Amino acid sequence: MPHPYVLLSAAVSLDGYLDDTGPERLLLSSPADFDRVDEVRASVDAILIGAGTVRADNPRLLVNSPERRAARTAAGLPEYPLKVTVSGSGDLDPAARFWHTGGEKILYTTDKGAERARALGLATEATDAADATDVVPLGADLDWRRLLTHLHDVRGVRRLMVEGGGLIHTQLLTQGLADELQLVLAPIFVGDPEAPRLFGPGGYQSGRLRLLETRRIEDVVLMRYEPTAPGTGPLPAAADHHWLALACELAAQCPPSDTAFSVGAVVVAADGTELARGHSREGGDPLVHAEEAALAKLDPAGPGLAGATVYSSLEPCARRASRPAPCARLILDAGVRRVVTAWREPDTFVAGADGSGVLAAGGVEVLVLPEHEERAKAPNRHLLRRR
Ligand SMILES: NC(=O)c1ccc[n+]([C@@H]2O[C@H](COP(=O)([O-])OP(=O)(O)OC[C@H]3O[C@@H](n4cnc5c(N)ncnc54)[C@H](OP(=O)(O)O)[C@@H]3O)[C@@H](O)[C@H]2O)c1
Ligand SMILES: [Zn+2]
């Protein structure tokens, strides 16, 4: 039963609340963090919220940045991620903004809930003015595994961002279905026991979470965690997926070219700190490669590179005419011992390129995560078609 990569995202008060009990939504995040959330939204295939959040916050759930939307479209993705909500009752306001903004929507519900939702007119066909809303009944009860399998198999969702509320987060975490948790801690106390909590009671299967990253964003702190299952070791390397997805997103932002690939790269220290990022043709240099641009920002004598991982949307090159050293060589020279990539270099520009072979021969572990291949290829489709 393949599932999408599930990323839980929430902002929380110092005393663990998601909101207060007032009629307006409590703003916990800071402006720069809202922009970070926008960036994460732009990087996923679908965004899910619970019916409680649709009712309480009436959110639009859009990618707000026109540049990020344009990059999605240029990469062959829908302008907006699929919007998903979950309701047992099917009792949702047909006038809620959720239904009338962004692209396609889907409501997962029970058999009974589907009757109610259809009676309310929530299921709609696509028209010129609006995208379709699909109502999907999952049986007498709502089963998260069935829901995730449906998203993966029927809707092609590979990365799912879950934006709450607490009931949803609690179920996904207690059922061992979350791959990553992105938590923003806001310097606010709510202090009202009636307010919704981020996590409720339950049999958590997440063990002691592994800390992937901390980041100060204005006055809030972002913490990224990877749940680990007791006894089974870490779940599939969430950090690798996160950073490779970011590399693929950087690839989509490269200035277009008919003579070179669009590639993104991120160098990450062993403790999960981002050291540098780069993309093809960065800074107006028509020849620079992504890995080269990222490594050039680092002090070669600096600590940390030996334990670092280079995430590159395309396998590092083994041969190139434009510079003395190919990226595989630059990576070896930097002392990096681990590379994660989404696809192997095709013969478009260089026959028989084998960056992975060069790296492996130099003692570097190379991991290919094919789940990201489509996204990595997207900004290069015009180069692949021509052959
Ligand atoms: N700070 C943040 O980052 C953030 C983010 C999101 C939300 N929030 C806050 O969180 C609050 C809402 O959270 P919440 O916990 O009340 O609601 P929620 O988690 O958004 O939604 C709960 C609803 O989802 C449906 N549902 C969830 N699991 C189900 C299951 N297994 N089977 C059937 N239905 C299921 C039910 O809908 P039906 O009742 O229709 O059956 C349930 O009432 C709001 O105050 C909002 O402001 C904060
Ligand atoms: Zn290269």
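About the cut-offs
Residues numbered from 1 in each chain as written. Chains lettered and ligands numbered in written order. Predicted model: local features only at pLDDT ≥ 70, side-chain atom pairs only at ≥ 80, totals over all residues. Heavy atoms only, no water. Phe/Tyr/Trp six-rings, centres within 6.5 Å; stacked < 30°, edge-to-face > 60°. Buried < 20%, exposed > 50% of the residue type's maximum accessible area, 1.4 Å probe, protein only. Helix = DSSP H or I, 4+ residues; strand = E, 2+ residues; numbered from the N terminus. Lys NZ or Arg CZ within 6 Å of the ring centre and 35° of its normal. Arc of directions from axis to C-beta. Contact = heavy atoms within 4.5 Å. Polar contact = N/O pair within 3.5 Å; in protein donor to acceptor, adjacent residues only side chain to side chain. Domains from an automatic or database assignment. Buried area = accessible area lost by both parts, 1.4 Å probe. Salt bridge = Lys/Arg side-chain N within 4 Å of Asp/Glu carboxyl O. Donors = N, O, S within 2.8 Å, 3.2 Å for Na, K, Ca; no water. Near = heavy atom within 4 Å. Areas by Shrake-Rupley, 256 points an atom, 1.4 Å probe, with all protein chains shown as cover. Nonpolar A, V, L, I, M, F, W, Y, C, P; charged D, E, K, R; others polar. Pairing = 2+ DSSP bridges. Axes fitted to C-alpha atoms, helices over the stretch in contact; angles between N-to-C directions.

1. Description of the packing of aromatic side chains
Part 1 of the reasoning: What the rule picks out here adds up to four aromatic pairs.
Part 2 of the reasoning: Each ring, one from F199 and one from Y204, has its centre 6.2 Å from the other, and the planes form 85°; the classification is edge-to-face.
Part 3 of the reasoning: Classification of Y204 by relative accessible area gives partly exposed; the value is 33%.
Part 4 of the reasoning: Between F261 and F349, the aromatic rings sit 4.9 Å apart at their centres with planes inclined by 70°, giving edge-to-face as the arrangement. Taken together, the residues F261 in the loop between α8 (238–252) and β12 (264–268) and F349 in the loop between β15 (338–341) and α11 (355–361) connect sequence positions 88 residues apart.
Part 5 of the reasoning: Look at F261 and you get buried, because its relative accessible area is 8%.
Part 6 of the reasoning: Ring-pair connections join several aromatic residues into one group, and the members of that group are F261, W343 and F349.
Part 7 of the reasoning: A cation over an aromatic ring shows up here: R197 above the ring of Y17, its NZ or CZ 4.5 Å from the ring centre.

2. Section: helix α3 (residues 66–74)
Residues separated by three or four positions in an α-helix point in the same direction, a consequence of the helix having 3.6 residues per turn.
Part 1 of the reasoning: Considered for burial, the residues of α3 that qualify are R68, R69, A71 and R72. Taken end-on, α3 shows its buried residues confined to a sector of 160°, consistent with a single buried face. Residues E67 and A74 are exposed on α3 and point more than 90 degrees away from its buried face.
Part 2 of the reasoning: On the buried face of α3, the contacting elements are α1 (31–42) and α8.
Part 3 of the reasoning: Measuring from the side-chain oxygen of the N-cap residue of α3 to the backbone nitrogen of E67 gives 3.3 Å; that N-cap residue is S65.
Part 4 of the reasoning: Following α3 by one or two positions, G76 has its phi on the positive side, about 80°.

3. Some words on the domain arrangement of the protein
Part 1 of the reasoning: Split into domains, the protein comes out as domain 1 (5–232) and domain 2 (238–385).
Part 2 of the reasoning: For domain 1 and domain 2, the distance between their C-alpha centres works out to 31 Å.
Part 3 of the reasoning: The interface is formed by 18 residues belonging to domain 1 together with 14 residues belonging to domain 2.
Part 4 of the reasoning: Taken together, the two surfaces of domain 1 and domain 2 that pack against each other cover about 1,400 Å², and 51% of this comes from carbon and sulfur.
Part 5 of the reasoning: Ranking the residues of domain 1 by area buried against domain 2 places A75, R159 and L212 at the top, with a combined share of 29%.
Part 6 of the reasoning: The interface formed by domain 1 and domain 2 contains one salt bridge.
Part 7 of the reasoning: Two residues, R375 and D45, come together in a salt bridge whose shortest N-O distance is 2.6 Å.
Part 8 of the reasoning: Looking at the side of domain 1 that touches domain 2, the elements with two or more residues in it are α1, β7 (180–186), β8 (210–217) and β9 (220–226).

4. Observations regarding the coordination of the zinc ion (ligand 2)
Part 1 of the reasoning: Within the first shell, the zinc ion (ligand 2) binds the protein through H289 (ND1), C317 (SG) and C327 (SG), at distances of 2.0 to 2.3 Å.
Part 2 of the reasoning: Positions of the donor residues of the zinc ion (ligand 2) along the chain correspond to the pattern H-x27-C-x9-C. Pair noted here: C317 is in the loop between β14 (309–312) and α10 (327–334) and C327 is in helix α10, with a separation of 10 residues, a long-range link.
Part 3 of the reasoning: A residue is classified by how much of its surface remains accessible, and C317, at 6% relative accessible area, is buried.

5. A few points about the site of ligand 1
Part 1 of the reasoning: Within the structure, ligand 1 sits among 26 residues, and T53, R55, S87, S89 and Q171 are positioned closest to it.
Part 2 of the reasoning: Between an oxygen atom of ligand 1 and a main-chain N or O atom of V86, the distance comes to 3.3 Å.
Part 3 of the reasoning: A distance of 2.7 Å separates an oxygen atom of ligand 1 from a polar side-chain atom of S89.
Part 4 of the reasoning: Coverage of ligand 1 by the protein amounts to 79% of the 930 Å² it exposes when considered alone.
Part 5 of the reasoning: Those elements that provide at least two residues to the shell around ligand 1 are β1 (5–13), α2 (51–57), β3 (82–87) and α7 (166–174).
Part 6 of the reasoning: Broken down by element, the residue count for the shell around ligand 1 peaks at six residues, all from α2.
Part 7 of the reasoning: Classifying every residue of the shell around ligand 1 gives 12 nonpolar, 10 polar and four charged.

6. So, the sheet that holds strand β4 (residues 105–109)
Part 1 of the reasoning: Sheet architecture is open: nine strands sit in the order β5-β4-β3-β2-β6-β1-β7-β9-β8, paired in mixed fashion. The strands lining the two open edges of the sheet, one partner per strand, are β5 (133–137) and β8. For this sheet, the mean angle separating the axes of adjacent strands, direction not counted, is 20°.
Part 2 of the reasoning: Pairing geometry for β7 and β9, over five bridges, is antiparallel. Each bridged residue has a counterpart across the sheet, and for V184 the counterpart in β9 is L222.

7. Regarding the sheet that holds β14
Pairing between sheet strands relies on hydrogen bonds along the backbone, with the strands arranged either parallel or antiparallel.
Part 1 of the reasoning: Ordered in space as β13-β12-β14-β15-β16, the five strands form an open sheet in which the pairing is mixed. Looking along the sheet, the strands with just one partner apiece sit at the ends: β13 (274–279) and β16 (365–368). The average angle at which neighbouring strand axes cross in this sheet is 15°, direction not considered.
Part 2 of the reasoning: Looking at chain direction, β12 and β13 are connected through five bridges and run antiparallel. Paired with V266 across the strands is R277, a residue of β13.
Part 3 of the reasoning: α8 contacts β12, β13, β14, β15 and β16 of the sheet and is inclined by roughly 145° relative to β12.

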